[in-house]
Structures are given as structure tokens and as C-alpha cells.
Amino acid sequence: MSFTVYPAIDMRGGKCVRLLQGDYDKETVYGDSPFEMAKNFAEQGSKWIHMVDLDGAKDGKRVNDSFVIDAAQKLGVNVQIGGGIRTEGDIVHYLDKGIARVIIGSIAVSNPEFAIEMIRKYGSKIAVGIDAKNGFVATHGWITTSEARAVDLGKRFADAGAETFIFTDIATDGMLSGPNLQAVKEMAIETGKEVIASGGVSQLEDLVTLKELSDVGVRGAIVGKALYEGRFSVQEALEVNSSC
């Protein structure tokens, strides 16, 4: 089964940052240029890059989109983008400019009918981002927790035709404590679709463990803080992934 490693670039104020468990008050800046960071990842061999517009997620509109478009058009890599995508215009804006996959998150909770329409219209170019806090969906940059169970939301969109889910367990995000394997596995099994795990990867062994779940649908892992803290490099992650 194929498994993809996605190095992550979270953008805020035009810089590369990481938030601790999604807390905007607990930010660490790791670079002044999202494009240069993406270039570095591409030069190490990454074929996919995961980018998040944190300003957009909080404000409900595109803010850091120029960096995303530059990465997609100039680096020859596949880029998936989430954050601040609320309208079909936002989706078209990215897809028309070469973005491989657009992630809809908060709007999928607040307006599921719209999300389903977009899934049916744009197919595999749409991924549903489900961010969970204690099993319940968190939205708007993780500031708000809804009453919807993450698994139930996933099943609804899977039934509507969604093929890819990006599942983030907020409790593990930025903690370097290891991924929530049970929650990721449950999402994959319950939806019957491809799930990309996000949050908690701290060592190469975590990637090996997640890849072992590829037979139930866990087909990728997003890696952020571990790269920025020097736990391992993108090149090392890709080498481990190809060898196991």
C-alpha cells in the first residue's frame, strides 16, 4: 500500500510557524520565508508539501495564498493547502493556479451541504480536514469545538464521495508525543477511505508505525515540528518510508 510523507509549513504573518496544540498564543517562528522552506523540502526529495494558512483559518479568508501558489508553480511539487477556504471561489483560486489538493475544514462543519457539493464537483482534488479534540470536531483554527463527533462527520462525507481525509488529533499536535494511533485507525476504518494522519510524529519510528496501518486506509503522515526541531530530516523520513 502506498504511504506518503507530507512535510508541513504552517504560515502566519508571512512566516513559518508552529503552534502548540493549535494555540495562537503559543507560537514558535521557524523561518521568515514559507517559499524557501518549501524549496528546502523539495530539494530533499519531497513530492508533496502540506501548507496551512493559519491567518486564513482564523480570519475566514485567504491571507498567505501567494506563498502556496509560488511553491506549486515554481518547485515542481504537489501542494495541498488548508486554512481560510470558505467558498467555491477560494477552491477555484487555488486549483486554477496549480494546487494539487484543497482542504476544506471549518466550512465542512458549518455548511456540510456546501462541502458535499464541492466534493462531488471537484472529486479527488478536495480533501476533508477533520481536527478533533477529545473526539469532537474543532473548527476555525481550533478555537471552537463543535458537538459533532469526528468519526460521524467523516462517515457522512465518505458516504457523499470524499476520498481523502486529513485527521488531526489536537492533543498530540506540536507535542512530539507520538500520534494517536487508535483515533487515526478508527477514522480510516469507519470511513473506509484514505486518511492522512497529522499530529504527534516525533521520530522516524512513528512513521513506520503509521505505515503499518496502511492496510486499513492510513495512507500518509504530516510531519511538522519534528522536522523543525531537527529530530530527523525530510530526506531521512523519505528513506525510511521507502525502505519499510
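What you see is a predicted model, and the numbers here were worked out from it, not measured in a lab. (Residues numbered from 1 in each chain as written. Predicted model: local features only at pLDDT ≥ 70, side-chain atom pairs only at ≥ 80, totals over all residues. Heavy atoms only, no water.)

**Some words on the overall build of the chain**
What the chain contains, in helices and strands, is 11 helices and 12 strands. Projected onto the principal axes, the alpha-carbon positions of the chain cover approximately 40 × 35 × 35 Å. The burial tally for the chain puts 56% of its 244 residues in the buried class. Counting only contacts in the chain whose residues sit at least 6 apart along the sequence, the fraction spanning at least 24 positions is 69%. Within the structure as shown, the chain displays about 10,100 Å² of accessible surface, and the carbon and sulfur contribution to it stands at 44%. Separation between the mean location of the 26 positive side-chain charges and that of the 34 negative ones in the chain comes to 2 Å. (Helix = DSSP H or I, 4+ residues; strand = E, 2+ residues; numbered from the N terminus. Buried < 20%, exposed > 50% of the residue type's maximum accessible area, 1.4 Å probe, protein only. Contact = heavy atoms within 4.5 Å. Areas by Shrake-Rupley, 256 points an atom, 1.4 Å probe, with all protein chains shown as cover. Lys, Arg positive; Asp, Glu negative; His and termini not counted. Charge placed at Lys NZ, Arg CZ, Asp CG, Glu CD.)

**Quick look at the packing of helix α6 (residues 112-122) against helix α7 (residues 150-160)**
For the pair α6 and α7, the least separation of the axes is 9 Å and the interaxial angle reads 40°. As far as their axial angle goes, α7 and α6 are oblique. At the point where α6 passes α7, the crossing takes the right-handed sense. Contacts between α6 and α7 involve Pro112, Glu113, Ala115, Ile116, Ile119 and Arg120 from the former and Arg156, Phe157 and Ala160 from the latter. (Axes fitted to C-alpha atoms, helices over the stretch in contact; angles between N-to-C directions. Parallel < 35°, antiparallel > 145°, perpendicular 65-115°, else oblique. Left-handed = near helix turned anticlockwise from the far one by under 90°.)

**Some remarks on the nonpolar core**
Of all hydrophobic cores here, the largest spans 68 residues; its most connected members are Ile9, Met51, Ile81, Val128, Ile130, Phe157 and Phe167. Not counting chain neighbours up to four residues away, the residues in contact with phenylalanine 157 comprise Ala108, Pro112, Ala115, Ile116, Ile119, Val128, Ala162 and Phe165. If you look at the next biggest cluster of nonpolar residues, it comprises eight residues, including Trp48, Ile103, Ala127 and Ile166. (Core = buried A, V, L, I, M, F, W, Y, C linked by side-chain atoms within 4.5 Å.)

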